[in-house]
Amino acid sequence: GEDVEQSLFLSVREGDSSVINCTYTDSSSTYLYWYKQEPGAGLQLLTYIFSNMDMKQDQRLTVLLNKKDKHLSLRIADTQTGDSAIYFCAEMGGRDDKIIFGKGTRLHILP
Amino acid sequence: DGGITQSPKYLFRKEGQNVTLSCEQNLNHDAMYWYRQDPGQGLRLIYYSQIVNDFQKGDIAEGYSVSREKKESFPLTVTSAQKNPTAFYLCASRDRGTTEAFFGQGTRLTVV
C-alpha cells in the first residue's frame, strides 16, 4: 500500500536554512503536500506541488520533487523561532481521494 | 465564516462506552476524512468519504464507524471494540476539484 516516510526530528540554528526530507511509494501520486502543526492544533497547509512539477517556491519555502526517486523536500530559508512545529509530508494518490501522511518531523530551533 | 468545526475539543469517556465525535463543515466540500494522531505515529487514516452516503475504510478502521447522511457532516463513532481509543482525532474536508484539505482543530479523546 501507500507509504510516506520522513525523519522524526531536526534541529536548526535560528537564521539557518531547514531542510525536511520525505519519501513516498505511490507512483500514481498526483499532489504532494507539506502541512504544519503547532502544539494542540489542527494542520495548516504550507504548500503543495503537482506531481508533474519539480520545484515550487513561495516566499521562504522551496519545495523540490524528484519523481524518479519519489523524494520530496521542504526548505525553509532564514528559519525563525515561529517555525518551530511538526511538519507533515502527505500525498494524494491518482486512484482515489485518500491523503496519506508521514509521521511528521519535529523542527526545533536553536538560539 | 466558512470552516470545519470539530466538537468537543476535549472528551472523556469510560472504558466500554461508545462515543461519537462531531465534524461539521460549511465549505460545501464533497470529500471528508478522519485521522487519528498518536505521538510518534503521525496521522493515520481511519475513514474517508468522497460523496454523501458513501465512505471507505482507511488504514485503521477497526473499532470505528462513520456515517455520511449530509454533505456537511461526517461523525465518527469510537466503539468499545477499539482497543486503544485514547488519541487526538482530526477531521478534514476537501473540495474534490482543488488540492487543499482543510483541517479542524481536533478532539482529544481520553478513555479511562
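This text gives an overview of the structure that appears in the document. (Residues numbered from 1 in each chain as written. Chains lettered and ligands numbered in written order. Predicted model: local features only at pLDDT ≥ 70, side-chain atom pairs only at ≥ 80, totals over all residues. Heavy atoms only, no water.)

Turning our eyes to something else, we now look at the overall build of chain B. Counting its regular elements, chain B contains zero helices and 11 strands. Listing each helix as α and each strand as β along chain B from the N terminus yields β-β-β-β-β-β-β-β-β-β-β. For 112 residues, the compact-globule estimate of 2.2 N^0.38 gives 13 Å, and chain B sits close to it at 13 Å. A sequence separation of at least 24 residues applies to 51% of the contacts in chain B between residues at least 6 apart. (Helix = DSSP H or I, 4+ residues; strand = E, 2+ residues; numbered from the N terminus. Rg over C-alpha atoms; globule rule 2.2 N^0.38 Å. Contact = heavy atoms within 4.5 Å.)

Taken residue by residue, the interface counts 23 residues in chain B and 21 residues in chain A. With both chains or domains summed, chain B and chain A bury close to 1,800 Å², and 54% of this area falls on carbon and sulfur atoms. Of all residues in chain B, the largest losses of buried area upon contact with chain A belong to Leu 43, Thr 99 and Phe 103 of chain B, amounting jointly to 29% of the total for that side. Between the two partners, chain B and chain A, sit one salt bridge. Residues Asp 59 of chain B and Lys 98 of chain A are paired through a salt bridge, measuring 4.0 Å at the closest nitrogen-oxygen approach. (Buried area = accessible area lost by both parts, 1.4 Å probe. Salt bridge = Lys/Arg side-chain N within 4 Å of Asp/Glu carboxyl O.)

What follows is about the sheet that holds strand E1 (residues 4-7) of chain B. Residue and element names in this part refer to chain B. Reading across the sheet, the four strands line up as E1-E3-E8-E7 and stay open at both edges, with antiparallel pairing between neighbours. Strand pairing shows two members of the sheet lacking a second neighbour, E1 and strand E7 (64-66), which therefore form its edges. Each neighbouring strand pair of the sheet contributes to a mean axis angle of 20°, computed without reference to strand direction. Bridge count for E7 against strand E8 (residues 76-78) is three bridges, and the pairing is antiparallel. Bridging across to E8, Ser 65 finds its partner in Thr 77. (Pairing = 2+ DSSP bridges. Axes fitted to C-alpha atoms, helices over the stretch in contact; angles between N-to-C directions.)

With that settled, the discussion passes to the packing of aromatic side chains. Residue and element names in this part refer to chain B. Under the counting rule described, the total for this entry stands at 14 aromatic pairs over all chains. Aromatic side chains Tyr 33 and Tyr 48 sit 6.3 Å apart centroid to centroid with 10° between the ring planes, which places their arrangement in the stacked category. In this pair, Tyr 33 is assigned in strand E4 (residues 31-38) and Tyr 48 in strand E5 (residues 42-51), connecting sequence segments 15 residues apart. Accessibility classification places Tyr 33 together with Tyr 48 in one group, the buried group. Residues Tyr 64 and Tyr 89 carry aromatic rings whose centres are separated by 6.0 Å and whose planes lie at 65° to one another, so their mutual orientation is edge-to-face. One end of the pair, Tyr 64, is in strand E7; the other, Tyr 89, is in strand E9 (residues 87-94), and 25 residues separate them in sequence. (Phe/Tyr/Trp six-rings, centres within 6.5 Å; stacked < 30°, edge-to-face > 60°. Buried < 20%, exposed > 50% of the residue type's maximum accessible area, 1.4 Å probe, protein only.)

Nothing here speaks to function; it is all geometry.
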